[in-house]
Amino acid sequence: MNLAYIPSPSTGVIELGPIPLRGYAFCIIIGVFVAVWFGNKRWVARGGTAGTVADIAVWAVPFGLVGGRLYHVITDYQLYFSDGENWVDAFKIWQGGLGIWGAVAFGAVGAWIGCRRRGIPLPAWADALAPGIAFAQAIGRWGNWFNQELYGKETDLPWAVKISEGANRVEGTYHPTFLYESLWCVGVAFLVIWADRRFKLGHGRAFALYVAAYCAGRGWIEYLRVDEAHHVLGLRLNVWTAIVVFVLAVVYMVVSAKLRPGREEIVEPAAVEAPKDEAADADGEAGKDGKDGEASEGSTDPTDPKDPKDPKDPKGPKGSAAPEETKASVPDAPGAEAKAPGDDADATPQKAEKS
């Protein structure tokens, strides 16, 4: 008898009046919010503008949800299109069932559309968002706990998850594969953050590292699961998918490092052009103010012949008093004589002209 285990919630839905709050959907929403928030911080640190990640996520998230659901329905079609099943359930996404492979593939298409509209490179945007996606997966996996799904083989380990009797499940304690994958995704996120700081990953290599690291963990976690799945050569289909995608991600990292080493210097041209435009406007305003000031206040250069304060200007400004030399040569009163020093005493005085 297992005395220690992780209990499962009795229901995955909380009724808030007429509005049902589903744990699975709630985990997905929180995960998306965390991915966008953290991706925005990394994007701004790379030289982009705040809000760009959210603008592109408006395209990527809906595409990702559709792709994730399509992959799940196609690979587990027997759950919806076999005898006794209702195909309408394929649209009930809140009941669980999102394939990460389809979500990433279709989400990349949506992100490409958004990046094209904003004129930014998709690989740079993906690099900024990569750790956030891993954190979002770590949170989203707890939605499987609410739905009591995607658990592993039976075990009596103290961290086993308790599963109750229900449709397509047998009561017992099982490996909590949702918890294993959640913890693995947290480790992947920190690995990408560390590697990006250490090696300055660029041109999509941070995103490729996230993909490769996730696939490495998904392979052994998938092997523990006991839910129905298609098998190829004795392995579950998702195991083969993880192997193929892992190889592709590693090849991309190697080839990309040789063809495009280093990291992008400019990730969002609009973020670089905006400060230049503002500086140009500021310089223009400063030049205009300088001309206006010169026209209104005049020059203060003492060598400027137009300067009203120029002491060498014999005329001086209009309305100003005459220089001292001029005052000395003018008689004080009519009829007064100005006798130069050294004149003869016999000199005949001149009459002053009548006014």
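Everything below is about the structure shown above.
All of these numbers come straight from a predicted model, not from anything done at the bench.

Colleague: Help me out: how do you make sense of the environment of glutamate 149 in this one?
Modeller: For glutamate 149, the location among the structural elements is in the loop between helix H6 (142-147) and strand S3 (161-163). It is 8.1 Å that separates the C-alpha atoms of glutamate 149 and aspartate 227, two residues lying 78 residues apart in sequence. Beyond its immediate stretch of four places on either side in the chain, glutamate 149 contacts Tyr24, Gln95, Gly96, Gly97 and Asn144. Separated by 2.9 Å, the side chains of glutamate 149 and asparagine 144 make a polar contact. Among the polar contacts made by the side chain of glutamate 149, one reaches the side chain of asparagine 147 at a distance of 3.4 Å.

Colleague: Explanation requested: the pattern of salt bridges in the structure shown.
Modeller: With the rule as written, the count across this model stands at 14 salt bridges. The partner of glutamate 268 in a salt bridge is arginine 118, and the shortest N-O contact between them spans 3.3 Å. Of this pair, glutamate 268 sits in the loop between helix H9 (237-259) and helix H10 (269-297) while arginine 118 sits in helix H4 (residues 100-118); the two residues are 150 residues apart in sequence, bridging distant segments of the chain. Arginine 118 gets classed as partly exposed once you look at its relative accessible area, which sits at 34%.

Colleague: Can you help me understand the nonpolar core in this one?
Modeller: Generally speaking, nonpolar side chains in soluble globular proteins are found buried as a group. Residues Trp101, Val188, Val192, Tyr210 and Tyr214 are the most contacted members of the largest nonpolar core, which totals 25 residues. Secondary structure elements with two or more residues in this core: H4, helix H5 (122-140), helix H7 (177-199), helix H8 (205-224) and H9. Counting residues per element, this core draws most heavily on H8, which supplies eight residues. Here tyrosine 214 is in contact with Ile100, Trp101, Gln137, Arg141, Glu181, Trp184, Cys185 and Val188, once residues within four sequence places are set aside.

Colleague: Teacher, can you tell me more about the environment of valine 109 here?
Modeller: Residue position: valine 109 is located in helix H4. For valine 109, a relative accessible area of 41% puts it in the partly exposed group. Taking C-alpha positions, valine 109 is 9.8 Å from glycine 67, a pair spaced 42 residues apart along the chain.

Colleague: So what exactly am I meant to see when it comes to a nonpolar patch on the surface here?
Modeller: Judged by side-chain polarity, Ile243, Phe246, Val247, Val250, Val251, Val254, Val255 and Leu259 come together as a nonpolar surface patch covering roughly 650 Å² of accessible area. Mapped onto the secondary structure, valine 254 falls in helix H9. Judged by its relative accessible area of 44%, valine 254 is partly exposed.

Colleague: Got a minute to help me understand the pairing of strand S2 (residues 19-22) in this structure?
Modeller: Residues in a regular strand project their side chains so that they alternate between the two faces of the sheet. Sheet topology note: the strand S1 (residues 13-16)/S2 ladder contains four bridges and is antiparallel. Among the inter-strand pairings, leucine 16 is bridged to a residue of S2, identified as isoleucine 19.

Colleague: Where do I start with the side chain of glutamate 264 in this structure?
Modeller: Here glutamate 264 lies in the loop between H9 and H10. The exposure class assigned to glutamate 264 is buried, which follows from its relative accessible area of 11%. At 2.8 Å, the side chain of glutamate 264 forms a polar contact with the side chain of arginine 46. A polar contact is formed between the side chain of glutamate 264 and the backbone nitrogen of histidine 203, at a distance of 2.9 Å. When neighbours within four sequence positions are excluded, glutamate 264 is seen to be in contact with Arg46, Pro123, Ala124, Gly202 and His203.

Colleague: Where do I start with H8 in this structure?
Modeller: One turn of the α-helix equals 3.6 residues, which is why residues spaced by three or four share an orientation. Under the 1.5 Å per step criterion, the end-to-end length of H8 is 30 Å for 20 residues, consistent within 8% with the ideal 28 Å. At arginine 218, H8 is deflected by roughly 25 degrees, the largest bend along its length.

Colleague: Looking at this model, I keep getting lost on the packing of H7 against H8. Mind explaining?
Modeller: In a packed pair of helices, the relevant descriptors are the angle between the two axes and the axis-to-axis distance. Contact pair H7 / H8: the axes reach a minimum separation of 9 Å and the direction vectors enclose 160 degrees. One finds that H7 runs roughly antiparallel with respect to H8. The way H7 lies across H8 gives a crossing that is right-handed. Contacts between H7 and H8 involve Thr177, Tyr180, Glu181, Trp184, Cys185, Val188, Leu191, Val192, Ala195 and Asp196 on the former and, on the latter, Ala206, Leu209, Tyr210, Ala213, Tyr214, Ala216, Gly217, Arg218, Trp220, Ile221 and Leu224. Tallied by class, residues from the contact of H7 with H8 come to 16 nonpolar, two polar and three charged.

Colleague: Sorry if this is basic, but what is going on with the packing of aromatic side chains here?
Modeller: For any two aromatic rings, the description comes down to two numbers: the centre-to-centre distance and the angle of the planes. Scanning the entire structure with this criterion turns up 13 aromatic pairs. Residues tryptophan 184 and tryptophan 220 carry aromatic rings whose centres are separated by 6.1 Å and whose planes lie at 80 degrees to one another, so their mutual orientation is edge-to-face. Of the two residues, tryptophan 184 sits in helix H7 while tryptophan 220 sits in helix H8, which places them 36 residues apart along the sequence. Judged by relative accessible area, which is 39%, tryptophan 220 ranks as partly exposed.

Cut-offs and rules
- Residues numbered from 1 in each chain as written.
- Predicted model: local features only at pLDDT ≥ 70, side-chain atom pairs only at ≥ 80, totals over all residues.
- Heavy atoms only, no water.
- Helix = DSSP H or I, 4+ residues; strand = E, 2+ residues; numbered from the N terminus.
- Contact = heavy atoms within 4.5 Å.
- Polar contact = N/O pair within 3.5 Å; in protein donor to acceptor, adjacent residues only side chain to side chain.
- Salt bridge = Lys/Arg side-chain N within 4 Å of Asp/Glu carboxyl O.
- Buried < 20%, exposed > 50% of the residue type's maximum accessible area, 1.4 Å probe, protein only.
- Core = buried A, V, L, I, M, F, W, Y, C linked by side-chain atoms within 4.5 Å.
- Patch = residues over 30% accessible without salt bridge, like charges linked within 9 Å, V, L, I, M, F, W, Y side chains within 5 Å.
- Areas by Shrake-Rupley, 256 points an atom, 1.4 Å probe, with all protein chains shown as cover.
- Pairing = 2+ DSSP bridges.
- Expected span 1.5 Å × (residues − 1).
- Bend = angle between axes of the 7 residues up to and from the residue.
- Axes fitted to C-alpha atoms, helices over the stretch in contact; angles between N-to-C directions.
- Parallel < 35°, antiparallel > 145°, perpendicular 65-115°, else oblique.
- Left-handed = near helix turned anticlockwise from the far one by under 90°.
- Nonpolar A, V, L, I, M, F, W, Y, C, P; charged D, E, K, R; others polar.
- Phe/Tyr/Trp six-rings, centres within 6.5 Å; stacked < 30°, edge-to-face > 60°.

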